[in-house]
Amino acid sequence: MDNKKKIIVAIDGFSSCGKSTFAKAIAAKLGYIFIDTGAMYRAVTLYALENGAIVDGELNQELLIGLLPKIEISFAFNAERGASDIYVNGELAEDKIRTIEVSNCVSKVSQIRQVREKLVALQQQMGQHRGVVMDGRDIATVVFPDAELKLFMTADARVRAERRYAELKAKGDEVTFDEVLDNVISRDNADVNREISPLRRADDAIELDNSYMSVEEQMAWFMERYQQIVG
Ligand code: DC
């Protein structure tokens, strides 16, 4: 793989579509760096919750904007997980960002222009040498409109909620299926309807509906497209 040109693989799509699982598998296969941009929006949300900028689900936008320069996000590779863990101001935050509380507040945080500007700049810096697989909502449209390979992932909302519910239950979270389904649907709406960088398929992105596909099937589908570009 070393003598091949390195590209950017941009993966956008709805929440709980398995984007990160797929992106991680692609990165491992190609020897690329995997960057989960959703984790970055979740990290800012966690910081907002822990520092009084979100109280009882209400976001104090001014306060959060004032806190932004104090938030330092970094990643460090975790060999056991085969992916990078996210750190907020040097503190491991990988588990804390995946709770239903963070999921319920992240849409409010991710629609703030200053938050997006900060995170997009960081994402562009991380991908400057290419050789990355980045997943999110605006990767092909805003972060890397020049990405060589753009995928747009979708799956049925109930299938997605079932996957997320199983994940949360396995971790011991006390959630109901309806709560998770509501969260998936309301985040879809927020992602599609927000004013800044709404979720949409880039004109040159290839759509992948993985409702009933295994990761292996998705990988075979992907490698065919990758070979066409890289040769
Ligand atoms: O991929 P995820 O579900 O972990 O993302 C968490 C939230 O962050 C999601 O509800 C939308 C937002 N997000 C975004 O606005 N832009 C991105 N590039 C990635 C995520």
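Scroll up for the structure.
Quick look at the structure, then.

Things to note about the overall build of the protein
Broken down by element type, the protein carries nine helices and 10 strands. Relative to a compact globule of 231 residues, whose C-alpha radius of gyration would be 17 Å, the protein shows 17 Å and is just as compact. Principal-axis analysis of the C-alpha atoms gives the protein an extent of 50 × 35 × 35 Å. Counting only residues that meet the buried cut, the protein has 48% of its 231 residues in that class. A separation threshold of at least 6 residues defines the contact pool for the protein, and within that pool the share at least 24 residues apart is 72%. If you sum the accessible surface of the protein, you get close to 11100 Å²; carbon and sulfur atoms cover 49% of it. In the protein, 29 positive and 37 negative side-chain charges are present, and the distance between their average locations comes to 4 Å.

Thoughts on the site of the ligand
The ligand sits among 14 residues. The nearest are Thr 37, Arg 42, Arg 116, Asp 138 and Arg 187. The separation between an oxygen atom of the ligand and a polar side-chain atom of Arg 116 is 2.8 Å. Protein chains bury 97% of the 440 Å² of accessible surface belonging to the ligand in isolation. Judged by the fraction of its atoms near the pocket grid, the ligand is located in the largest pocket. Every element with two or more residues in the shell around the ligand is listed here: helix H2 (37-50), helix H4 (100-110) and helix H8 (177-193). Looking at the shell around the ligand, the element that brings in the most residues is H2, giving four residues.

A look at the packing of H2 against helix H5 (residues 113-126)
Between H2 and H5, the least distance of the axes is 11 Å, while the angle of their chain directions is 140°. Our classification of the angle between H2 and H5 gives oblique. In this structure, the crossing between H2 and H5 has a hand that is right-handed. Contacts between H2 and H5 involve Thr 37, Met 40, Tyr 41 and Val 44 from the former and Val 115, Arg 116, Leu 119, Val 120, Leu 122, Gln 123 and Met 126 from the latter. Considered class by class, the residues forming the contact of H2 with H5 number eight nonpolar, two polar and one charged.

Some words on the sheet that holds strand E1 (residues 8-13)
Paired through backbone hydrogen bonds, the strands of a sheet run either parallel or antiparallel to each other. The five strands lie next to each other as E2-E8-E1-E9-E10, forming an open sheet whose pairing is parallel. The two strands at the open ends of the sheet, each matched to only one other strand, are strand E2 (33-36) and strand E10 (206-209). The sheet shows a mean angle of 20° between the axes of neighbouring strands, taken without regard to direction. One ladder, built from four bridges, connects strand E9 (residues 149-154) with E10; its direction is parallel. Along E10, the bridge assignment pairs Thr 154 with Asp 209. Lying on the sheet, helix H9 (residues 215-230) is in contact with E1, E9 and E10; it crosses E9 at an angle near 160°.

Notes on the side chain of Thr 45
In this structure, Thr 45 sits in helix H2. If near-sequence neighbours (up to four positions away) are discounted, Thr 45 is found in contact with Ile 54, Val 102, Cys 105, Val 106 and Val 109.

Here's the deal with the pattern of salt bridges
Under the definition given, this model contains 16 salt bridges. Taking the shortest distance from any N to any O, the salt bridge between Asp 85 and Arg 81 comes out at 2.8 Å. Take Asp 85: its relative accessible area is 7%, and that puts it in the buried class. A salt bridge links Asp 146 to Arg 130, with the shortest nitrogen-to-oxygen separation between them at 3.7 Å. Residue Asp 146 is located in the loop between helix H6 (139-143) and E9, and its partner Arg 130 is located in the loop between H5 and strand E8 (132-136); the two are separated by 16 residues in the primary sequence. Each of Asp 36, Arg 81, Asp 85, Glu 94 and Arg 98 takes part in salt bridges that share partners, so that together they form one network.

Things to note about the layout of surface pockets
A water-sized probe rolled over the atoms picks out the places where empty space is left. Roughly 1000 Å³ of volume is contained in the largest pocket. Ser 20, Asp 36, Arg 98, Arg 164 and Glu 167 are the residues nearest the centre of the largest pocket, which is lined by 44 residues in total. When its residues are assigned to classes, the lining of the largest pocket shows 12 nonpolar, 13 polar and 19 charged.

Considerations on helix H1 (residues 19-30)
The terminal C-alpha atoms of H1, which comprises 12 residues, lie 16 Å apart, in line with the 16 Å expected from a rise of 1.5 Å per residue. Among the residues of H1, those classed as buried are Lys 19, Phe 22, Ala 23, Ile 26, Ala 27 and Leu 30. Angular distribution of buried residues about the axis of H1 spans 135°; they occupy a single face of the element.

A short note on the packing of helix H7 (residues 157-170) against H8
Running from N to C, H7 and H8 point in directions that differ by 125°, and their axes come no closer than 9 Å. Regarding the angle of H7 to H8, the classification is oblique. Of the two possible hands of crossing, H7 and H8 adopt the one that is right-handed. Where H7 abuts H8, its residues Ala 157, Arg 158, Arg 160, Ala 161, Glu 162, Arg 164, Tyr 165 and Leu 168 lie against Phe 177, Val 180, Leu 181, Val 184, Ile 185, Arg 187 and Asp 188.

Rules used throughout
Residues numbered from 1 in each chain as written. Predicted model: local features only at pLDDT ≥ 70, side-chain atom pairs only at ≥ 80, totals over all residues. Heavy atoms only, no water. Helix = DSSP H or I, 4+ residues; strand = E, 2+ residues; numbered from the N terminus. Rg over C-alpha atoms; globule rule 2.2 N^0.38 Å. Buried < 20%, exposed > 50% of the residue type's maximum accessible area, 1.4 Å probe, protein only. Contact = heavy atoms within 4.5 Å. Areas by Shrake-Rupley, 256 points an atom, 1.4 Å probe, with all protein chains shown as cover. Lys, Arg positive; Asp, Glu negative; His and termini not counted. Charge placed at Lys NZ, Arg CZ, Asp CG, Glu CD. Near = heavy atom within 4 Å. Polar contact = N/O pair within 3.5 Å; in protein donor to acceptor, adjacent residues only side chain to side chain. 1 Å grid on protein atoms, 1.4 Å probe; cavity = no way out; pocket = protein on both sides within 12 Å on 5 of 7 lines; lining within 4 Å. Sits in = over half its atoms within 2 Å of the grid points. Axes fitted to C-alpha atoms, helices over the stretch in contact; angles between N-to-C directions. Parallel < 35°, antiparallel > 145°, perpendicular 65-115°, else oblique. Left-handed = near helix turned anticlockwise from the far one by under 90°. Nonpolar A, V, L, I, M, F, W, Y, C, P; charged D, E, K, R; others polar. Pairing = 2+ DSSP bridges. Salt bridge = Lys/Arg side-chain N within 4 Å of Asp/Glu carboxyl O. Points joined across faces, edges and corners; volume = space filled by probe spheres on them. Expected span 1.5 Å × (residues − 1). Arc of directions from axis to C-beta.

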